[in-house]
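Secondary and tertiary structure notes
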Amino acid sequence: LLAVAENKLCWPRLKPRVEAALKQIPDWTANYGPMDGCAQLKAALARFLDRRIIRDERPRVVSDHVSCAAGAAACLNNLFLSICEACD
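Residues numbered from 1 in each chain as written. Predicted model: local features only at pLDDT ≥ 70, side-chain atom pairs only at ≥ 80, totals over all residues. Heavy atoms only, no water.

1. Considerations on the overall build of the protein
- For the protein, the count of helices and strands is three helices and zero strands.
- Listed N to C, the secondary structure of the protein is α-α-α in terms of helices and strands.
- Each of the 88 residues in the protein was classed as buried or not, and the buried ones make up 11%.
- In the structure as shown, the protein presents an accessible area of about 8000 Å², 59% of it carried by carbon and sulfur atoms. (Helix = DSSP H or I, 4+ residues; strand = E, 2+ residues; numbered from the N terminus. Buried < 20%, exposed > 50% of the residue type's maximum accessible area, 1.4 Å probe, protein only. Areas by Shrake-Rupley, 256 points an atom, 1.4 Å probe, with all protein chains shown as cover.)

So this is what it looks like as structure tokens:
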């Protein structure tokens, strides 16, 4: 469930949260999301990178600069689509 070998020690704390989350599953979860990632996640990642990594006065990282995907194949696909030309 959480990609962790043993969840037995934390399961009493996690179980109520997992059950509550499963009751609130949006309809889009059964479909593929946007190819470059969920807009809310991209915005949050951009804010994090801008505030914690770049640390400049002006916003330099915006959500259009961020791409995120589930899995290595999707990430590589996004990377190659970004840097390659049509016949490469």
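Having seen it, we continue.
2. Here's the deal with the confidence of the model for the protein
- Per-residue confidence for the protein averages 82 on the pLDDT scale, and 90% of its residues sit at or above 70.
- Here helix α1 (residues 11-23) stands out as the least confident element of the protein, with mean pLDDT 85; helix α2 (residues 39-54) is the most confident, with 90. (pLDDT = per-residue confidence, 0-100.)

3. Considering the layout of surface pockets
- Counted as a void, the largest pocket has a volume near 360 Å³.
- Lining of the largest pocket is provided by 16 residues; of these, G33, P34, G37, C68 and A69 occupy positions nearest its centre.
- Looking at the lining of the largest pocket, the elements with two or more residues in it are α2 and α3 (72-83).
- Classifying every residue of the lining of the largest pocket gives ten nonpolar, six polar and no charged. (1 Å grid on protein atoms, 1.4 Å probe; cavity = no way out; pocket = protein on both sides within 12 Å on 5 of 7 lines; lining within 4 Å. Points joined across faces, edges and corners; volume = space filled by probe spheres on them. Nonpolar A, V, L, I, M, F, W, Y, C, P; charged D, E, K, R; others polar.)

4. Regarding the side chain of K42
- Secondary-structure assignment places K42 in helix α2.
- Reaching out from K42, the side chain makes a polar contact with the backbone oxygen of V66 at a distance of 3.4 Å.
- Those residues in contact with K42 that sit more than four places away from it in its chain are D36, G37, S63, V66 and C68. (Polar contact = N/O pair within 3.5 Å; in protein donor to acceptor, adjacent residues only side chain to side chain. Contact = heavy atoms within 4.5 Å.)

5. A closer look at the state of the cysteines
- The tally for this structure, following the rule as stated, stands at zero disulfides.
- The structure places no disulfide on C38, whose sulfur is separated from the nearest cysteine sulfur, that of C68, by 7.3 Å.
- Residue C38 is classed as partly exposed on the basis of its relative accessible area, which comes to 31%. (Disulfide = S-S within 2.5 Å.)

6. A word on the environment of H65
- Among the structural elements, H65 can be located in the loop between α2 and α3.
- At 3.3 Å, the side chain of H65 forms a polar contact with the backbone oxygen of R60.

7. A few points about the pattern of salt bridges
- Throughout the structure, instances matching the rule amount to one salt bridge.
- Two residues, K42 and D36, come together in a salt bridge whose shortest N-O distance is 2.5 Å. (Salt bridge = Lys/Arg side-chain N within 4 Å of Asp/Glu carboxyl O.)

8. Notes on the side chain of N78
- Along the chain, N78 falls in helix α3.
- The class of N78 is buried, set by a relative accessible area of 12%.
- In this structure the side chain of N78 is engaged in a polar contact, spanning 3.0 Å, whose partner is the backbone oxygen of M35.
- Beyond its immediate sequence surroundings of up to four residues, N78 is in contact with M35, D36, S67, C68 and A69.

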